[in-house]
Amino acid sequence: MVTRHRFTPDAAFGGWLLPVVPPMVSAATGALLVPRTPTGQVRPALLLGCYSMLGLGLIAVLLVAAVVYSRLVHHDAPVGAVVPTVWIGVHRIRR
């Protein structure tokens, strides 16, 4: 699927930000579990995993958001079912 699909620059839309949500949610909820884990090797491993998911999620958000906003700036406004997805990125930035 990755090698056969050719996306044009105006194909980007806010729905592309949805796949980066699970690592961010996992990092946030995993951090809440750190105090409840037993002391020893498990606690630092869980904390390191949460930090890595947060970091990778932030990098992915920045990359995808740049492509989506570039599409909004350089191309025509989206039409049809893609219009509501514009607010996904706006909501993320506003928080």
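Let me begin by describing the structure that accompanies this report. Computed from a predicted model, the values in this text were never measured in an experiment.

### Observations regarding helix 2 (residues 42-74)
Here helix 2 is 33 residues long and its end C-alpha atoms lie 48 Å apart, about the 48 Å a rise of 1.5 Å per residue gives. Of the positions making up helix 2, those classed as buried are Cys-50, Gly-57, Val-61, Val-64, Ala-65, Val-68 and Arg-71.

### Focus: the packing of helix 1 (residues 21-33) against helix 2
Put simply, helix 1 and helix 2 touch, their axes get as near as 8 Å, and they point 155° apart. Viewed along their axes, helix 1 and helix 2 adopt a mutual orientation that is roughly antiparallel. The crossing of helix 1 and helix 2 is left-handed. Residues Pro-23, Met-24, Ser-26, Ala-27, Gly-30, Ala-31 and Leu-33 of helix 1 form the contact with helix 2, whose own contacting residues are Leu-46, Cys-50, Met-53, Leu-54, Gly-57 and Leu-58. A breakdown of the residues in the contact of helix 1 with helix 2 according to their chemical character gives ten nonpolar, three polar and no charged.

### Brief notes about helix 1
Between its first and last C-alpha, helix 1 extends 19 Å over 13 residues, near the 18 Å set by a 1.5 Å rise per residue. Where helix 1 is buried, its residues contact helix 2.

### Here's the deal with a nonpolar patch on the surface
Together, Leu-47, Tyr-51, Leu-54 and Leu-58 make up an exposed nonpolar region whose accessible area comes to about 360 Å². By the secondary structure assignment, Leu-58 is in helix 2.

### Re the side chain of Thr-37
Within the fold, Thr-37 resides in the loop between helix 1 and helix 2. Of the residues examined, Thr-37 reaches a relative accessible area of 14% and is grouped as buried. Only 2.7 Å separates the side chain of Thr-37 from the backbone oxygen of Val-34, close enough to count as a polar contact. For Thr-37, the contacting residues outside a window of four places in its chain are Val-42, Arg-43 and Leu-46.

Reading the values: rules and limits
- Residues numbered from 1 in each chain as written.
- Predicted model: local features only at pLDDT ≥ 70, side-chain atom pairs only at ≥ 80, totals over all residues.
- Heavy atoms only, no water.
- Helix = DSSP H or I, 4+ residues; strand = E, 2+ residues; numbered from the N terminus.
- Expected span 1.5 Å × (residues − 1).
- Buried < 20%, exposed > 50% of the residue type's maximum accessible area, 1.4 Å probe, protein only.
- Axes fitted to C-alpha atoms, helices over the stretch in contact; angles between N-to-C directions.
- Parallel < 35°, antiparallel > 145°, perpendicular 65-115°, else oblique.
- Left-handed = near helix turned anticlockwise from the far one by under 90°.
- Contact = heavy atoms within 4.5 Å.
- Nonpolar A, V, L, I, M, F, W, Y, C, P; charged D, E, K, R; others polar.
- Patch = residues over 30% accessible without salt bridge, like charges linked within 9 Å, V, L, I, M, F, W, Y side chains within 5 Å.
- Areas by Shrake-Rupley, 256 points an atom, 1.4 Å probe, with all protein chains shown as cover.
- Salt bridge = Lys/Arg side-chain N within 4 Å of Asp/Glu carboxyl O.
- Polar contact = N/O pair within 3.5 Å; in protein donor to acceptor, adjacent residues only side chain to side chain.

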